[in-house]
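Analysis of the macromolecular model
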Amino acid sequence: MTGPVPALDDRAAACAERLRAADSVLLASHIDADGLTSAAVAAAALERAGITFDVVFSKQLDTEEVASIAATDHGTVLFTDFGSGQLDIIAEHESAGDFTPVIADHHQPADADTEFHLNPLLFGLDGASELSGAGASYVLARALEPEDGDNRDLAALAIVGAVGDMQDGNDGLAGANAGIVEEGVAAGVVAEERDLALYGRQTRPLPKLLEYASEARIPGVSNDQAGSIRFLDGLDLDLKSGGEWRTWVDLSGEERRELVSALVKHAVSRGVPAHRIDSLVGTTYTLLDETEGTELRDVSEFSTLLNATARYERADVGLAVCLGDRGEALDRARTLLRNHRRNLSEGLQWVKNEGVTVEEHVQWFDAGTRIRETIVGIIAGMAVGVDGIDSRLPILAFAEKNDEELKVSSRGSHVLTRQGLDLSVVMREASRAVGGDGGGHDVAAGATIPRTEREAFVDEADRIVGEQLD
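Residues numbered from 1 in each chain as written. Predicted model: local features only at pLDDT ≥ 70, side-chain atom pairs only at ≥ 80, totals over all residues. Heavy atoms only, no water.

Of the regular secondary structure elements, the chain holds 18 helices and 15 strands. By the compact-globule yardstick of 23 Å for 470 residues, the chain fits well, its C-alpha radius of gyration being 22 Å. Its C-alpha atoms give the chain principal-axis dimensions of about 70 × 55 × 40 Å. Taken over 470 residues, the chain has a buried fraction of 55%. Here the chain has roughly 19500 Å² of accessible surface; of this, 44% comes from carbon and sulfur atoms. The centroid of the 42 positive side-chain charges in the chain is displaced by 8 Å from the centroid of its 82 negative side-chain charges. (Helix = DSSP H or I, 4+ residues; strand = E, 2+ residues; numbered from the N terminus. Rg over C-alpha atoms; globule rule 2.2 N^0.38 Å. Buried < 20%, exposed > 50% of the residue type's maximum accessible area, 1.4 Å probe, protein only. Areas by Shrake-Rupley, 256 points an atom, 1.4 Å probe, with all protein chains shown as cover. Lys, Arg positive; Asp, Glu negative; His and termini not counted. Charge placed at Lys NZ, Arg CZ, Asp CG, Glu CD.)

Given below as structure tokens:
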């Protein structure tokens, strides 16, 4: 990949050579949308390069998990979308001769190093906004291309991963991510355009598209089923076909422009702030090889589908979908997605009902067993800004992981990170202070702690956040 940082490509080339020299490779990856697409990009590249490999997934790469990986008969392990934050643990196994690690990650590195470490943060790129885990895997995939091959089609999955990792703003992906988009467009697998920036453009009937547009928060339309229908019925447009509401992608260009214009006028009349009105239209990405009207056609919907698989212990299903299974695996993923949406809705309602505990610098809730530990972070992010939850404070969310441990997920905002907040540091230092471990990004991070240490962890996290924002 010819990108803005030649040294990143050079490191990718070294990593690729190490993988080619391996007798076999164990591909280990994280379970969210970015982790699944990271694994899929790497798996496709390894297969095309003729490299023998197996795949494992993990919710969290800790001492026990790395030891389990070391116990396999693979001499080379490729870590994707994690590994950097656990480099101190991995380095111990490397020193012991258990395996040679190759890491394609974008999280904050631990205080250790290894030769084959591909991470944008090592080359002056922001791993939270300029290159995701799937993007790092894509850079590696381009270096793994056989002489007669071209892996640019894998840009589609890398973009799904970046968007799933919330690296896109209203103006789209930036940094090295933008270079991946350019390659995907050139390869004919991705279309980049300015369009309505609401979730569900491919699959949701128009009233549902507007009703569920909680990010826009337009009075009389958002979160208002009857209001969204009244709004649409008031337009001089034929928005039904065969008695059924059409979707956004069913509309012509002129119909889309008229609907957006009417929506903007309605928002202005209801006093919606200009910045929220501006966010109605943004940069969108369409996967051209996927069927129109399906959740795989739009990168945001694709990433949500993937989140609904591995977070329910079915990473194999998500990986199969990424690698092209449009039969049984896709059917199973859609079933998991329906369940995922129901769980998110119920979890968010629980947080709204129970509220949060507010400290001096953070706010938190403990869902216990009421919310799965694999989705509590998503719900924490959704909860920020709802009634009673202050968007000016980072939020910590606890859920039971097992009889001895709690999972902690934290979410902040880019406003807070610009003021000095770094949740990767907060999670790592506060968790290690109470006998756990953690890490992640400045705006979103996680940890695992002993269940008896919740209060001590909150106190330590509150202290660290206070120091960062002072």
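Next comes the rest of the description.
Attention now moves to the pairing of strand 14 (residues 437-440). By the alternation rule, side chains of strand 14 split into Gly-438 and Gly-440, which are all buried, and Asp-437 and Gly-439, of which none is buried. Taken together, strand 14 and the strand that follows it, strand 15 (residues 444-450), pair antiparallel across an intervening segment of three residues. (Pairing = 2+ DSSP bridges.)

Whenever strands of a sheet pair, they do so through backbone hydrogen bonds, lying parallel or antiparallel. Taking strand neighbours across the sheet as the criterion, the five strands line up as 2-1-3-4-5 in an open arrangement whose pairing is parallel. Looking at which strands have only one partner, the edges of the open sheet turn out to be strand 2 (53-57) and strand 5 (117-118). Sheet topology note: the strand 1 (residues 25-29)/strand 3 (residues 76-80) ladder contains five bridges and is parallel. Bridge assignment links Ala-28 to a residue of strand 3, and that residue is Phe-79.

Turning our attention to the packing of helix 2 (residues 33-48) against helix 5 (residues 133-143). Two elements in contact, helix 2 and helix 5, have axes whose closest approach is 7 Å; the angle formed by their N-to-C orientations is 10°. The angle between the axes of helix 2 and helix 5 places the two elements in the roughly parallel class. Contacts from Asp-34, Thr-37, Ser-38, Val-41, Ala-42 and Ala-45 of helix 2 reach helix 5 at Gly-133, Ala-134, Ser-137, Tyr-138 and Ala-141. Residue composition of the contact of helix 2 with helix 5, grouped by class: six nonpolar, four polar and one charged. (Axes fitted to C-alpha atoms, helices over the stretch in contact; angles between N-to-C directions. Parallel < 35°, antiparallel > 145°, perpendicular 65-115°, else oblique. Contact = heavy atoms within 4.5 Å. Nonpolar A, V, L, I, M, F, W, Y, C, P; charged D, E, K, R; others polar.)

The subject of this paragraph is helix 12 (residues 299-310). Taking 1.5 Å per residue, 12 residues should reach 16 Å; helix 12 reaches 17 Å between its end C-alpha atoms and fits that length. Counted residue by residue, helix 12 has 11 buried out of 12 residues, so it is predominantly covered. Buried residues belonging to helix 12 abut helix 2, helix 6 (155-164), strand 9 (281-287), helix 13 (315-322) and helix 14 (328-354). A side-chain oxygen of the first residue of helix 12 lies 3.0 Å from the backbone nitrogen of Ser-300; this N-cap is Asp-298. (Expected span 1.5 Å × (residues − 1). Polar contact = N/O pair within 3.5 Å; in protein donor to acceptor, adjacent residues only side chain to side chain.)

A separate point is the side chain of Asp-81. Structurally, the position occupied by Asp-81 is in the loop between strand 3 and helix 4 (87-95). Among buried Asp, Glu, Lys and Arg side chains, Asp-81 stands out as unpaired, with Arg-311 the closest opposite charge at 8.2 Å. For Asp-81, the side chain forms a polar contact with the side chain of His-106, separated by 3.1 Å. Beyond its immediate sequence surroundings of up to four residues, Asp-81 is in contact with Ser-29, His-30, Asp-32, Asp-34, Gly-35, Ser-38, Ala-104, Asp-105, His-106, His-107 and Gly-133. (Salt bridge = Lys/Arg side-chain N within 4 Å of Asp/Glu carboxyl O.)

The subject of this paragraph is the environment of Asp-54. Looking at the element boundaries, Asp-54 is found in strand 2. Sequence spacing of Asp-54 and Val-221 is 167 residues, and the spatial spacing of their C-alpha atoms is 49 Å. If we ignore the near neighbours within four places in the chain, the residues touching Asp-54 are Val-25, Leu-26, Leu-27 and His-74. Reaching out from Asp-54, the side chain makes a polar contact with the side chain of His-74 at a distance of 2.9 Å.

The next point concerns the pattern of salt bridges. Evaluation of the coordinates by the stated rule reveals 25 salt bridges. For the salt bridge of Arg-142 with Glu-183, the shortest nitrogen-to-oxygen distance reads 2.9 Å. Of this pair, Arg-142 sits in helix 5 while Glu-183 sits in helix 7 (residues 176-186), placing them 41 residues apart in sequence. A residue is classified by how much of its surface remains accessible, and Arg-142, at 16% relative accessible area, is buried.

Attention now goes to helix 14. Taking 1.5 Å of rise per residue, the 27 residues of helix 14 would be expected to cover 39 Å, and the 39 Å separating its terminal C-alpha atoms lies within 8% of that figure. All of the buried residues in helix 14 are Ala-329, Leu-330, Ala-333, Leu-336, Leu-337, His-340, Asn-343, Leu-344, Gly-347, Leu-348, Trp-350 and Val-351. At its buried positions, helix 14 is contacted by helix 12, helix 13, strand 11 (363-366) and helix 15 (376-383). In the segment just after helix 14, Gly-355 is the residue with positive phi, at about 75°.

Next up on the list: the environment of Ser-279. In this structure, Ser-279 sits in the loop between helix 11 (274-278) and strand 9. Engagement of the side chain of Ser-279 in a polar contact is seen with the backbone oxygen of Arg-276, the distance being 2.6 Å.

Moving on: the sheet that holds strand 14. If you walk across this open sheet you meet the six strands as 10-11-12-13-15-14, and the pairing is mixed. A single partner strand is all that each edge strand has here, and the edge strands are strand 10 (357-358) and strand 14. Where strand 12 (residues 395-400) and strand 13 (residues 405-411) come together, six bridges link them in antiparallel fashion. The residue bridging Glu-400 from the neighbouring strand is Leu-406, located in strand 13.

So, about the UniProt feature "domain: DHHA1" (unreviewed entry) in the chain. Here the UniProt-annotated "domain: DHHA1" (unreviewed entry) positions come out as residues 374-466. Measuring from the first to the last C-alpha atom of residues 374-466 gives 28 Å, for a span that is 40% helix and 26% strand. (UniProt positions renumbered as here; feature names shortened; annotations may be inferred.)

Glancing now at the nonpolar core. Among the nonpolar cores identified, the biggest contains 89 residues, and Leu-19, Leu-78, Leu-140, Ile-159, Phe-302, Phe-365 and Ile-371 are the most heavily contacted of them. At 10 residues, the largest contribution of residues to this core is made by helix 2. Formed by 24 residues, the second largest nonpolar core is a distinct cluster that contains Leu-210, Ala-216, Leu-237 and Leu-259. (Core = buried A, V, L, I, M, F, W, Y, C linked by side-chain atoms within 4.5 Å.)

The full count for this structure, using the stated rule, is five aromatic pairs. A network of ring pairs unites the aromatic residues Phe-79, Phe-82 and Phe-99 as a single cluster. (Phe/Tyr/Trp six-rings, centres within 6.5 Å; stacked < 30°, edge-to-face > 60°.)

With that settled, consider the packing of helix 3 (residues 63-70) against helix 4. The geometry of helix 3 relative to helix 4 is characterised by a closest axis approach of 10 Å and an angle of 30° between their N-to-C directions. Put simply, helix 3 runs roughly parallel to helix 4. The handedness of the crossing between helix 3 and helix 4 is right-handed. On helix 4, the residues touching Thr-63, Val-66, Ala-67 and Ala-70 of helix 3 are Ile-89, Ile-90 and His-93. A per-class count over the contact of helix 3 with helix 4 returns five nonpolar, two polar and no charged. (Left-handed = near helix turned anticlockwise from the far one by under 90°.)

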